[in-house]
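# Summary of structural features
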Amino acid sequence: MPPVCRAPPTGTAPSRKPLAVLPRPGASVPAPAAGLRCDFRNLPLKQRLRCSRPHSPAGTHVQEGESAVSELVAAEDVLLFVNAAVTATGQREFRSSAAEQRFSLAFLHEYVRVNYRPVYAAALALDINDHNAALVIEHLLRTPREAEPGEGRLIAARLALLPPQRVYRLFGALRAAGVNNRRTRAIVRAWLAARPDPALDAVKYRTGFKTALRHVHGRLPEAETGDFLFAPGRRVRYENATLDAHRRAPYEQGALYELPFTVAEGFAAKHGIPRDVFLERIAPRMTRLERLRTDRAADLSVMPLTRLALYVLALPFAERVERRAELTAALRAAARRAAGPYAGSWGRVAAVLDDSFSSSGSAVKRRRPLAVALGCHFLLEALASPGAYAPLWTSGRDDPLLVHPYGPTPLGLRVLDALETGPERLVIVSDGWDNAPPGLAGEVLRVWRTRLDPERRTSVVHLNPVYDAEGFDVRRLAPSVPVAGIRDAEDLAALVEVAQFAEGRTGFAELRAYLDRRVELFLKGAEG
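Quantities reported herein were computed from a predicted structural model and do not represent experimental measurements.

### Quick notes on the overall build of the protein chain
From N to C terminus, the protein chain includes 23 helices and seven strands. Relative to its full complement of 528 residues, the protein chain shows a buried share of 51%. Within the protein chain, contacts between residues separated by at least 24 positions form 65% of all contacts whose residues are at least 6 apart in sequence. For the protein chain, the exposed area adds up to about 24,300 Å²; of that, 54% sits on carbon and sulfur atoms.

Encoded structure:
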């Protein structure tokens, strides 16, 4: 049963600040998530506010003076958040709804920001996904009085990497929340001033651009762009080609092919232009991702590994077989690019890869978990020594190009098979729902680590592409096996490095040192 939350001893201050936003009453989970202070969700309000004492993963309370245990709990809390920020996108997953995902994420963001703000900001330098990066920036800008030194540089550097449409959506959320402090205005103005083509933004992101400018009282260097946004009837024509093409597009079909694809698409529909004709003529204006989304000929040689895996899995089986040589060569080339200098350096590697039915994902994240597993397969093949890689799919298939979501998840049996190969590294890529039989994988790994390999000759790591909203973390197989969330297969090598902190043998100081190094490298790359 969950540990009983106690008030701090009389005369002592709470070890952490109470949360500003608490979870909804009535939500229930069998036990508190590992590393969280207590189960806030089934407590009366006053007891929630008193509950500021951390507990260990086993549920024992941290007593005064047990700094080592306290540091391990802090490290676990931070890693729990990093796992969520890498995998969760607030969208529906196979076993949880979008509302559950958003609620769970909102709680974690508030919890970590209040208790570990420097680490919360440092997460911007990690490989967290864009959804959570925008949430981190929003939470930091909403609370300027708690700001730590260096936050502004981290925010500016991460904003430069985010897609423009997401940044404009973030600025809109800040305006709706009434966040307009001096730091926010400076950051927004700097980002807008760095945009390479304001006229293109005015056409492609018109509403977001106008909202951001109004919110910070910004000024545009070109009067034409300002007139286009705020006084569209003032000019008969524009000198800027993009602005003038947008002016002519409602009554001149040729003009829409001078516009960005997403803008031209609407004008094409108004003109009644056949879809195939439009796509053929607009092709030179399309980006790689737009070509992929519209099923145009995509350049597989430059496509990132996970996106390429998604592309392959979307093809019919017959086409995969017909294009086997081309697709396999493209996947291996993408994996070699992702492996970089680590190619061939991991020695003997065994992988357990989940292609069970749950790897089908959801309607909004179709086949995403399976695509991550497929990308990891080819990346691990590149990282292992030549001829020293043993892949094992949960379905028992041996043709990675033809994998598809099907059947239960017999992780325990596949882990046994993988360990029999005597690997130096065992990597498990799965959502962690071991159900054939339930719990076998955890028991196998426990016995292996405690009885058969206590010297840790074999390194075992679990990479999980699915966030478990109910548990506030990615689902783990066994306490002795480190787990890390993964969204893109390209991040595998970095995540295996992060997973070492999840083994419980390193404390908060080591984790902070690692994050400081990542922040330093991130800022150097952004400013260099």
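### Digging into the packing of aromatic side chains
Here a ring pair, both rings aromatic, is described through the centre-centre distance and the interplanar angle of the planes. All told, the structure shown has twelve aromatic pairs when counted by the stated rule. Each ring, one from Phe107 and one from Phe472, has its centre 4.9 Å from the other, and the planes form 55°; the classification is tilted. Residue Phe107 is located in helix α3 (residues 98-115), and its partner Phe472 is located in the loop between β5 (467-468) and β6 (473-474); the two are separated by 365 residues in the primary sequence. Classification of Phe472 by relative accessible area gives buried; the value is 2%. Relative to Trp191, the ring of Phe171 has its centre 5.5 Å away and its plane inclined at 85°; by these criteria the two rings are edge-to-face. Placement of the pair is Phe171 in helix α7 (residues 164-176) and Trp191 in helix α8 (residues 182-193), with a sequence separation of 20 residues. Just as Phe171 is buried, Trp191 falls in that class too. Through a chain of ring-to-ring contacts, three or more aromatic side chains come together here, namely Tyr168, Phe171, Trp191, Tyr205 and Phe209.

### Considerations on the sheet that holds strand β1 (residues 349-353)
With respect to topology, five strands assemble into an open sheet ordered β2-β1-β3-β4-β7, the strand pairing being parallel. Whereas interior strands pair on both sides, the edge strands pair on one side only; in this sheet they are β2 (389-393) and β7 (483-485). Put simply, the sheet's adjacent strands are angled 20° from each other on average, direction ignored. Two elements, β1 and β2, share five bridges in a ladder whose sense is parallel. Pairing of Val352 across the sheet is with Leu392, part of β2.

### Considering the confidence of the model for the protein chain
When pLDDT is averaged along the protein chain, the result is 85, and 85% of the positions lie at 70 or above. Scored below 50 in pLDDT, residues 1-65 shows 128 contacts in the model against residues more than four places distant or in partner chains.

### Thoughts on α3
Counted at 1.5 Å a residue, the expected span for α3 with its 18 residues is 26 Å, and the 26 Å between its end C-alpha atoms agrees. Of the positions making up α3, those classed as buried are Gln101, Ser104, Leu105, Phe107, Leu108, His109, Glu110, Tyr111, Val112, Arg113, Val114 and Asn115.

### Examining the pairing of strand β4 (residues 459-464)
Across the six residues that make up β4, a large majority, five, are buried. Bridge count between strand β3 (residues 425-429) and β4: five bridges; the pairing is parallel. Note on β4: the bridge partner recorded for Leu426 is Val460. In terms of handedness, the path from β3 via helix α21 (residues 440-452) over to β4 forms a crossover that is right-handed.

### Quick notes on the side chain of Arg113
Summarising the element assignment, Arg113 is placed in helix α3. You can call Arg113 buried: its relative accessible area is 5%. Within the structure, Arg113 has its side chain in polar contact with the side chain of Glu146 (distance 2.7 Å). Aside from chain neighbours lying at most four places away, what touches Arg113 is Tyr120, His139, Thr143 and Glu146.

### Concerning the environment of Arg512
Along the polypeptide, Arg512 turns up in helix α23 (residues 508-527). A residue is classified by how much of its surface remains accessible, and Arg512, at 28% relative accessible area, is partly exposed. Remark: the alpha-carbon pair of Arg512 and Pro118, spanning 394 residues in sequence, is separated by 9.3 Å. Setting aside residues no more than four positions away along its own chain, Arg512 makes contact with Pro118 and Val119.

### A short note on the side chain of Thr306
Residue placement: Thr306 occurs in helix α16 (residues 305-313). At a separation of 2.5 Å, a polar atom in the side chain of Thr306 contacts the side chain of Glu490. If we ignore the near neighbours within four places in the chain, the residues touching Thr306 are Arg368, Ala371, Val372, Arg487, Asp488, Ala489 and Glu490.

### Comments concerning α23
With 20 residues, α23 extends 28 Å from end C-alpha to end C-alpha; this agrees with the ideal 28 Å at 1.5 Å per step. For α23, the full list of buried residues reads Phe508, Leu511, Tyr514, Leu515, Arg518, Val519, Phe522 and Leu523. Projected onto a plane normal to the axis of α23, the buried residues spread over an arc of 165° and lie on a single side. What points out from α23, more than 90 degrees from its buried face, is the exposed set Leu521, Lys524 and Glu527.

### Details of the pattern of salt bridges
With the rule as written, the count across this model stands at 31 salt bridges. Asp130 is the partner of Arg158 in a salt bridge, and the nearest nitrogen-oxygen pair spans 3.9 Å. Of this pair, Arg158 sits in helix α6 (residues 151-159) while Asp130 sits in helix α5 (residues 130-142), and the two are 28 residues apart along the sequence. With relative accessibility at 28%, the residue Asp130 sits in the partly exposed group. The structure contains a network of salt bridges with shared partners spanning Glu110, Arg113, Arg117, Glu146, Glu151 and Arg183.

Parameters and conventions
- Residues numbered from 1 in each chain as written.
- Predicted model: local features only at pLDDT ≥ 70, side-chain atom pairs only at ≥ 80, totals over all residues.
- Heavy atoms only, no water.
- Helix = DSSP H or I, 4+ residues; strand = E, 2+ residues; numbered from the N terminus.
- Buried < 20%, exposed > 50% of the residue type's maximum accessible area, 1.4 Å probe, protein only.
- Contact = heavy atoms within 4.5 Å.
- Areas by Shrake-Rupley, 256 points an atom, 1.4 Å probe, with all protein chains shown as cover.
- Phe/Tyr/Trp six-rings, centres within 6.5 Å; stacked < 30°, edge-to-face > 60°.
- Pairing = 2+ DSSP bridges.
- Axes fitted to C-alpha atoms, helices over the stretch in contact; angles between N-to-C directions.
- pLDDT = per-residue confidence, 0-100.
- Expected span 1.5 Å × (residues − 1).
- Right-handed = clockwise from strand over helix to strand, strands pointing away.
- Polar contact = N/O pair within 3.5 Å; in protein donor to acceptor, adjacent residues only side chain to side chain.
- Arc of directions from axis to C-beta.
- Salt bridge = Lys/Arg side-chain N within 4 Å of Asp/Glu carboxyl O.

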